[in-house]
Amino acid sequence: MDKVVIVTGAGRGIGAQTAKLLASKGYAVCVNYINNHQRANQVVEQILESGGQAFAFQADVCEEKQVAAMFEATQQRYGMVTHLVNNAGILFTQSKLCDIELERFQKVMNANVTSCFLCCKAFIHQDGDKKAIVNVSSAASRLGAPFEYIDYAASKGAMDSLTKGLSLELAGEGIRVNGVRPGCIYTEMHADGGEPDRVDRLASSLPLKRGGTAEEVAESIAWLLSDEASYVTGTFIELAGGR
């Protein structure tokens, strides 16, 4: 296959929409998930029904051996992984920093930053013609998410630094590394934070007066991976409705 992509955290939300969109554009897709086998299989089934190629692979992308196994399984099925989308991430219930336990902070950093580091490292170590990486950050990395998710914002700030630094390391090899920063997007992650209707609450305060969709984020990711973005690296696309 000419285009083989791993999308981490692809069982729901932005990851799922990205996997389906990339499959429609001719990518063979590894749909990574950690727990919900049923949701990941639904994404795969939708791709296969549309004539695309995909399979689901369970891996905790915070664990180096599981990341290696995921890359190996994808290579055996489709060939070398040419593209990577680091989308896996977590957040917890809205809280001020003074009430955040160390265990929670470490879990967020591990899930959101270590996973990105490990998958980028595995991607780079492959032999062959690798194309592009997109890291899914957040507008929170700019805004800080006070009174809600400072730990999450900090993890995404670290991901932004990783993205920029790695883009410079790999530019000479022709591997592009970019990021997207979604803002108020309609996904299930807001329920994880304890406020399922958070986007509706904030929509009127945004310049565009609405929340965004996972499909809109997926379109930006697909463009950054594509040859149409061949001169773009170390760049972030803001998807925050003007905020």
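Thresholds, definitions, all that
Residues numbered from 1 in each chain as written. Predicted model: local features only at pLDDT ≥ 70, side-chain atom pairs only at ≥ 80, totals over all residues. Heavy atoms only, no water. Pairing = 2+ DSSP bridges. Helix = DSSP H or I, 4+ residues; strand = E, 2+ residues; numbered from the N terminus. Right-handed = clockwise from strand over helix to strand, strands pointing away. UniProt positions renumbered as here; feature names shortened; annotations may be inferred. Buried < 20%, exposed > 50% of the residue type's maximum accessible area, 1.4 Å probe, protein only. Contact = heavy atoms within 4.5 Å. Axes fitted to C-alpha atoms, helices over the stretch in contact; angles between N-to-C directions.

## So, the pairing of strand β3 (residues 53-58)
In this sheet, β3 lies alongside strand β2 (residues 28-33) in parallel orientation, the contact comprising 6 bridges. Within the sheet, the bridge partner assigned to Val 31 lies in β3 and is Ala 56. In the classification by handedness, the crossover that spans β2, the intervening helix α2 (residues 37-49) and the parallel β3 is right-handed.

## Things to note about the UniProt feature "domain: Ketoreductase" (unreviewed entry) in the chain
Feature annotation in UniProt places "domain: Ketoreductase" (unreviewed entry) on residues 3-178, given in this structure's numbering. For the annotated span residues 3-178, helix accounts for 50% and strand for 16% of the residues, and the straight-line distance between the end C-alpha atoms is 18 Å.

## A few points about the side chain of Thr 74
Structurally, the position occupied by Thr 74 is in helix α3 (residues 64-78). What makes Thr 74 buried here is its relative accessible area of 0%. Beyond its immediate sequence surroundings of up to four residues, Thr 74 is in contact with Val 4, Ile 6, Cys 30, Phe 55, Gly 79 and Val 81.

## Quick word on the sheet that holds strand β5 (residues 132-136)
Two strands in a sheet stick together by hydrogen bonds in their backbones, pointing the same way (parallel) or opposite ways (antiparallel). Spatial strand order, β3-β2-β1-β4-β5-β6-β9: 7 strands in an open sheet with parallel pairing. In this open sheet, the two strands that pair with only one neighbour each are β3 and β9 (236-239). Strand-to-strand, the axes of this sheet are offset by a mean angle of 15 degrees, without reference to chain direction. Here 3 bridges tie strand β1 (residues 4-7) to strand β4 (residues 83-86), and the two strands are oriented parallel to one another. Looking across to β4, one finds that Val 5 is bridged to His 83. Against the sheet, α2 contacts β2 and β3, and its axis sits at roughly 170 degrees relative to β3.

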